[in-house]
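Structural characterization, general
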Amino acid sequence: MSSRPSSATDTADTSTPAALIWTALALVYLLWGSTYLGIRIAVESLPPLTSAAMRFGAAAGVLALVLRLRHGPGALRVPARRVGSAALVGVLLLAGGNGLVVFAESGPPGSAVPSGVAALLVATVPLLVVVLRTAGGDRPRPWTFVGVALGFAGLVLLVLPRDGVDGVPLAGALTVVVAATSWSVGSYLSGRIRMPADPFVATVYEMVAGAVALAAVAALRGELRDFAPAEVTGRSWAALAYLMVAGSLVAFTAYVWLLAHAPISLVSTYAYVNPAVAVALGALFVAEPVTAQVLLGGAVIVAGVAVVVSMERPRRTAPAAGSGTVVSPDGR
């Protein structure tokens, strides 16, 4: 899930054909929704944090090359302080946010969090951002708090045991909640510290910082020492390539384009469409169970997010000097 840039407005570019807007929105819906399944398949034989580091490092390299070709050698030249801000946000979003999601989806059956459930838990990010905004002195609308309460009630329904049957693995679910919290803090800070003005440039530095942090933690865990590329299946390599291209490059580009051409209230609907896509794909392709508890808890979470998204509107229309656009917690 991506943070809402503070420069976004709820107005659309009326000269843009509706077909283009809906095509871009469909890409964001489907590709970002499918990244949870991509992670699930990648970690079948790839070390979790190593795979995440490879993904963001490669995506950063490709995006940096495109920017240099389009804008010249100085495309990535920004003040060191803004690079540091982007690096901080990148570590929170990609190492803390995405890295912990990848870690939670890895592991043996019974302890790993299903990809669809991970997407539902990550959907709490807009709710957590509202909590951070309130703690920072902002005053969201009353109905926003209703949506937050509804969403967190759905989270409880999703993870609690019921009728003697274990719910979602608690340790894994808490890991995803910590990941969502890290993502929310990064999203919150990205609009309040001085970031590179170009969102694509900011994303390059965020991805580089996230990749370095993930690689460092992977090395401390012994992942790099034990990593044997020859033992990785073609299925996992293909999933990693898909995450790099479809999630981190294509869908992100579509998202940034949408921010400039469509109402933010429409763009933000990905926050409750992605989990539905993730649950459906997980059930279809890796036979993840879709229990009544998952459906009920997920529906309540999505309803809460829908209330928050529909109630909240940006309160300023002038671009903020420090705002940048960030990628989503599954690393899109």
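Scroll up a little and you will see the structure.
Reading guide: rules and limits
- Residues numbered from 1 in each chain as written.
- Predicted model: local features only at pLDDT ≥ 70, side-chain atom pairs only at ≥ 80, totals over all residues.
- Heavy atoms only, no water.
- Helix = DSSP H or I, 4+ residues; strand = E, 2+ residues; numbered from the N terminus.
- Polar contact = N/O pair within 3.5 Å; in protein donor to acceptor, adjacent residues only side chain to side chain.
- Buried < 20%, exposed > 50% of the residue type's maximum accessible area, 1.4 Å probe, protein only.
- Core = buried A, V, L, I, M, F, W, Y, C linked by side-chain atoms within 4.5 Å.
- Contact = heavy atoms within 4.5 Å.
- Phe/Tyr/Trp six-rings, centres within 6.5 Å; stacked < 30°, edge-to-face > 60°.

All right, on to the side chain of Thr-124 then. Considering the arrangement of structural elements, one finds Thr-124 in the loop between helix 4 (115-122) and helix 5 (125-135). At a separation of 2.6 Å, a polar atom in the side chain of Thr-124 contacts the main-chain carbonyl oxygen of Leu-121.

Most of helix 4 is tucked away, with eight of its eight residues classed as buried. Of the positions making up helix 4, those classed as buried are Ser-115, Gly-116, Val-117, Ala-118, Ala-119, Leu-120, Leu-121 and Val-122.

Ranked by internal contacts, the top residues of the largest apolar core, which has 75 residues, are Leu-121 and Leu-158. Per-element tally for this core: the top contributor is helix 2 (residues 48-71), with nine residues. Residue contacts for Leu-121: discarding those within four places in its chain leaves Leu-155, Leu-158, Val-159, Ala-173, Val-176 and Ala-180. One finds Leu-25, Tyr-29, Ala-246 and Leu-259 within the second-largest nonpolar core, a separate group that totals 17 residues.

Moving on: the packing of aromatic side chains. Scanning the entire structure with this criterion turns up four aromatic pairs. Ring plane angle 70 degrees and centroid distance 5.3 Å describe the contact between Trp-32 and Tyr-270, whose orientation is recorded as edge-to-face. Pair noted here: Trp-32 is in helix 1 (residues 18-42) and Tyr-270 is in helix 12 (residues 270-286), with a separation of 238 residues, a long-range link. You can call Tyr-270 buried: its relative accessible area is 4%. Grouping aromatic residues by their ring pairs yields a cluster made of Trp-32, Tyr-255 and Tyr-270.

From the geometry alone we can't say anything about function, so treat these as descriptive.
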